[in-house]
Amino acid sequence: DAGVIQSPRHEVTEMGQEVTLRCKPISGHDYLFWYRQTMMRGLELLIYFNNNVPIDDSGMPEDRFSAKMPNASFSTLKIQPSEPRDSAVYFCASSPTKNIQYFGAGTRLSVL
Amino acid sequence: AQSVTQPDIHITVSEGASLELRCNYSYGATPYLFWYVQSPGQGLQLLLKYFSGDTLVQGIKGFEAEFKRSQSSFNLRKPSVHWSDAAEYFCAVGGSGDDMRFGAGTRLTVKP
């Protein structure tokens, strides 16, 4: 298996623009997680899905953030409108059992 | 709620020296414990995990960790560090059905 695949690897955008981050989990994994990593706050869980259904989105910072999982092999994290403080590395992870998580390489987002 | 403390933000060791990274956790039941490693520009890779049984667990890349319930600790060790071990190391705690919580990470620098 190719592992968790995230795209793009790097994204540079201007404040106010919409940003969409993509994730393809490992086939057969029922759980999918979105994390944000910053120097100040470390690794934060934003939201996770089980069988394509959002289970806990309490970590989503505000309404500008939304996540979807239309099918078992694809998820998106959208920020609209983006702000400079959203600059971070965003990770997607998948898991067969919720506990052992396998991470993608991340998307480094810079909002100017 | 579960939590993880990694007391050392940054550790420097000489190549060939032994390594111990500390991790203390708080969890109400028997924890699931993990160590992940993150190389620059990469996602998190699972080094090892503890669910139950033998309290000394072996992982990849020559790492091991010991679960000490009485000390609420799960320290990571390696007898001889290689330059390629320079990375950020994260301890995480979870449980059956519970979310994982990650520590703030310990950055390891290896001196030649």
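These lines cover the structure that appears in this document, whether it is placed above or below. The numbers attached to residues start from 1 for each chain and follow its sequence in the written order. For this description, chains carry letters from A and ligands carry numbers from 1, given in the order in which they are written. Local features in a predicted model are, by the rule used here, given only for residues with pLDDT of at least 70; side-chain atom pairs are given and counted only at 80 or more, and totals for whole chains, interfaces and linings are based on all residues. Each side-chain value is derived from all of the structure's non-hydrogen atoms; neither hydrogens nor water enter the calculation.

Our focus in this paragraph is the pairing of strand E7 (residues 65–71) of chain A. Residue and element names in this part refer to chain A. Paired strands are those between which DSSP finds at least two bridges. By the criteria applied, helices consist of DSSP H or I runs no shorter than four residues and strands consist of E runs no shorter than two, each listed in order from the N terminus. With 5 bridges joining them, E7 and strand E8 (residues 74–79) adopt antiparallel strand pairing. Counted as the bridge partner of Ala 67 is Leu 77 from E8. Connecting E7 to the next strand, E8, in antiparallel fashion are 2 residues.

Two cysteine sulfurs form a disulfide in these notes if their separation is within 2.5 Å. Under the definition given, this model contains 2 disulfides over all chains. Between the sulfur atoms of Cys 23 of chain A and its disulfide mate Cys 92 of chain A the distance is 1.9 Å. Taking the sign of the S-S torsion, about -65 degrees here, the bridge from Cys 23 of chain A to Cys 92 of chain A comes out left-handed. Here Cys 23 of chain A, found in strand E3 (residues 19–24), pairs with Cys 92 of chain A, found in strand E9 (residues 88–95); they are 69 residues apart in sequence, far enough to count as distant. A residue is classified by how much of its surface remains accessible, and Cys 23 of chain A, at 1% relative accessible area, is buried. In this model, Cys 23 of chain B is linked to Cys 91 of chain B through a disulfide, with the two sulfur atoms separated by 1.9 Å. Looking down the S-S bond of the Cys 23 of chain B and Cys 91 of chain B bridge, the torsion is -65 degrees, so its handedness is left-handed. Taken as a pair, Cys 23 of chain B in the loop between strand E3 (19–21) and strand E4 (24–26) and Cys 91 of chain B in strand E10 (residues 87–94) lie far apart in primary sequence, 68 residues in all. When a residue's accessible area, from a 1.4 Å probe over protein chains only, is under 20% of the maximum for its type it is buried; when over 50% it is exposed; and in between it is partly exposed.

A word on the interface of chain B and chain A. We call two residues in contact whenever any of their non-hydrogen atoms come within 4.5 Å of each other. Counting residues at the interface gives 19 residues for chain B and 15 residues for chain A. The term buried area refers to how much accessible surface (probe radius 1.4 Å) is lost by two components on association, counted for both of them together. A per-residue breakdown of the area chain B buries against chain A is headed by Leu 44, Asp 99 and Phe 102 of chain B, which together make up 31% of the total. Salt bridges are identified by distance alone: a Lys or Arg side-chain nitrogen within 4 Å of an Asp or Glu carboxyl oxygen. In this assembly, chain B and chain A are joined by 0 salt bridges. Here a polar contact means two N or O atoms within 3.5 Å. Within protein one must be a hydrogen donor candidate and the other an acceptor candidate, and residues neighboring in sequence count only if both atoms are side-chain atoms. Inspection of the region where chain B meets chain A yields 3 residue pairs in polar contact (both at pLDDT 80 or more). Mapped by element, the contributors of at least two residues to the side of chain B that touches chain A are strand E5 (32–38) and strand E6 (44–50) of chain B. The leading source of residues in the side of chain B that touches chain A is E5 of chain B, at 4 residues.

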